[in-house]
Amino acid sequence: MGYLEAIILWFIQGITEFLPVSSSGHLELAKVVLGDNSVPQESLTFTIILHFATALSTIVVFKKDVLQIVKGLIQFRWNEELTFSLKIIVSMIPAVFIGLFFEEELASFFGGQVLLVGFMLIITSLLLLFADRAKNTNTEVTFFSAVIVGISQALAILPGISRSGATISSSVLLGIDRTKAARFSFLMVVPLIIGKISKDILAGSINFQSEHIGVLGAGFLASFIAGLMACKWMIAIVKRSKLSYFALYCFVVGIVAIAYTLNG
């Protein structure tokens, strides 16, 4: 994979990682439309680099909130910082459970499952549409809502279910303030990404070859910049109740994916 291809591919994935359109679903569609060779065989290493870049962009955008979480865990006094940190931890439990105990089963959902992606994109579309029309969104994140949002994050492991779309939509439907819903949605995934990267490093899954360093660097930079842009953009979109545009996009892409499979 060349530099230009790496920049384009990871820039797109960096954006879709934050926007409610399912980055995993788009990657599965890309495999079918462009061919498996369009996605690098060193996908694990590239994916880890991508996730690290998007996690870093989240930390940069929410640096004050990240410091609040770290401060709460270090001091471990029952205050606002610790409460927020514990809510983040609680929200991670469903995804961690599924990731640890159903890793092999989850793998079967990937590998050109266009029909599945199509139906899941339609579900994402409906979630976004309902969330966009939600009223009375002015409450705080509670421990109960953190669990519910955590479950929606776990379900978003399926290709076609947008993680940000599912978590933000479920938060808004629970009555959580839109800006706080987006903030919580982006922050709750950072520990999961860091944990997954650490697990892969310890397992020796990352293989850096000298000839790929330049391409990895280009991909990392593209993903980081795209992540910064998409993260800030998504916060503004949620605040202004403009999720319906993404709902329409996901619905159209979902229908096209289903029609492509049935006519193939």
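Sequence order as written defines the numbering, with residues in each chain counted from 1. Where totals are concerned, whole chains, interfaces and linings use all residues; where local detail is concerned, this predicted model gives features only for residues with pLDDT of at least 70, and gives and counts side-chain atom pairs only at 80 or more. Derived side-chain values reflect all non-hydrogen atoms in the structure, with water molecules and hydrogen atoms excluded from consideration.

1. Brief notes about the overall build of the protein chain
Strands are runs of DSSP state E lasting at least two residues, helices are runs of H or I lasting at least four, and both sets are numbered from the N terminus onward. Of regular secondary structure, the protein chain possesses 12 helices and 0 strands. If you list the helices and strands of the protein chain from N to C, you get α-α-α-α-α-α-α-α-α-α-α-α. In the protein chain, which comprises 264 residues, the share counted as buried stands at 48%. Between two residues, a contact is recorded if the distance between any of their heavy atoms is within 4.5 Å. Here the analysis covers contacts within the protein chain between residues at least 6 apart in sequence; of these, 83% occur between residues at least 24 apart. Accessible area is worked out with a 1.4 Å probe on protein chains only. A residue is then buried under 20% of its type maximum, exposed over 50%, and partly exposed in between.

2. Observations regarding the pattern of salt bridges
Pairing is possible between side chains that carry opposite charge, provided their charged atoms lie close to one another. By definition here, a salt bridge exists when the distance from a side-chain nitrogen of Lys or Arg to a carboxyl oxygen of Asp or Glu is within 4 Å. A complete count under the given rule lists 2 salt bridges for this structure. Its salt-bridge partner being Glu 140, residue Lys 180 comes within 2.2 Å of it at the nearest N-O pair. Taken as a pair, Lys 180 in helix H10 (residues 178-202) and Glu 140 in the loop between helix H7 (114-132) and helix H8 (143-155) lie far apart in primary sequence, 40 residues in all.

3. Thoughts on the environment of Met 234
Its location among the elements puts Met 234 in helix H11 (residues 213-239). Along the primary structure Met 234 and Ala 182 are separated by 52 residues, whereas in three dimensions their C-alpha atoms are 7.8 Å apart. Excluding residues within four positions of it along the chain, Met 234 makes contact with Phe 18, Leu 19, Pro 20, Ile 168, Phe 186 and Leu 243.

4. Let's talk about the packing of H7 against helix H12 (residues 244-262)
When two helices pack together, their arrangement is captured by the angle between the axes and the distance separating the axes. To get an axis, a line is fitted to the C-alpha atoms, and for a helix only the part in contact is used. The angle between two axes follows their N-to-C directions and goes from 0 to 180 degrees. Following both chains from N to C, one finds H7 and H12 inclined at 160°, their axes separated by 7 Å at the closest point. Between H7 and H12, the angle falls in the class roughly antiparallel. For the pair H7 and H12, the sense of crossing is left-handed. In this scheme, roughly parallel covers angles under 35 degrees and roughly antiparallel covers those over 145, while 65 to 115 is roughly perpendicular and the rest are oblique. Handedness of a crossing follows from how the near helix is turned relative to the far one, being left-handed for an anticlockwise turn of less than a right angle and right-handed for a clockwise one.

5. Looking at unusual backbone geometry
Non-glycine residue Ser 22 carries a positive phi angle of around 70°. Along the chain, Ser 22 turns up in the loop between helix H1 (3-16) and helix H2 (23-34). Note on Ser 22: relative accessible area 2%, which makes it buried.

6. Some details on the packing of aromatic side chains
Note on aromatic contacts: the rings of Phe and Tyr and the six-membered ring of Trp form a pair at centre separations within 6.5 Å, being stacked when their planes are under 30 degrees apart, edge-to-face when over 60 apart, and tilted otherwise. Summed over all chains, the structure comprises 5 aromatic pairs. Aromatic pair Phe 84 and Phe 184: ring centres 6.1 Å apart, planes at 80°, arrangement edge-to-face. Within this pair, whereas Phe 84 is found in helix H5 (residues 80-101), its partner Phe 184 is found in helix H10, the two being separated by 100 residues in sequence. Here Phe 184 falls in the buried class, since its relative accessible area comes to 1%. Counting every residue linked through ring pairs, the aromatic cluster contains Phe 52, Phe 220 and Phe 224. We note Lys 87 situated over the ring of Phe 143; from NZ or CZ to the ring centre the distance is 5.8 Å. The criterion is that NZ of a Lys, or CZ of an Arg, lies within 6 Å of the ring centre and within 35 degrees of the ring normal, and then a charge sits over that ring.

7. Section: H11
By definition here, a helix of n residues has an expected span of 1.5 Å times n minus one. Helix length check: H11 (27 residues) gives 39 Å between terminal C-alpha atoms against 39 Å at 1.5 Å per residue, within 8%. Of the residues trailing H11, Ser 241 is marked for its positive phi of about 55°.

8. Focus: H7
The end-to-end C-alpha distance of H7, which contains 19 residues, comes to 27 Å, matching closely the 27 Å that a straight helix rising 1.5 Å per residue would cover. Taken as a whole, H7 has its buried residues at Val 114, Val 117, Gly 118, Met 120, Leu 121, Ile 122, Thr 124, Ser 125, Leu 128, Ala 131 and Asp 132.

9. Concerning the environment of Pro 159
Take Pro 159: it is sitting in the loop between H8 and helix H9 (163-173). Between the C-alpha atoms of Pro 159 and His 26, which are 133 residues apart in sequence, the distance is 8.1 Å.

10. What about the environment of Leu 19?
Along the chain, Leu 19 falls in the loop between H1 and H2. For the pair Leu 19 and Gly 165, spaced 146 residues apart in sequence, the C-alpha separation works out to 7.4 Å. Excluding residues within four positions of it along the chain, Leu 19 makes contact with Ser 162, Ser 164, Ala 230, Trp 233, Met 234 and Phe 246.

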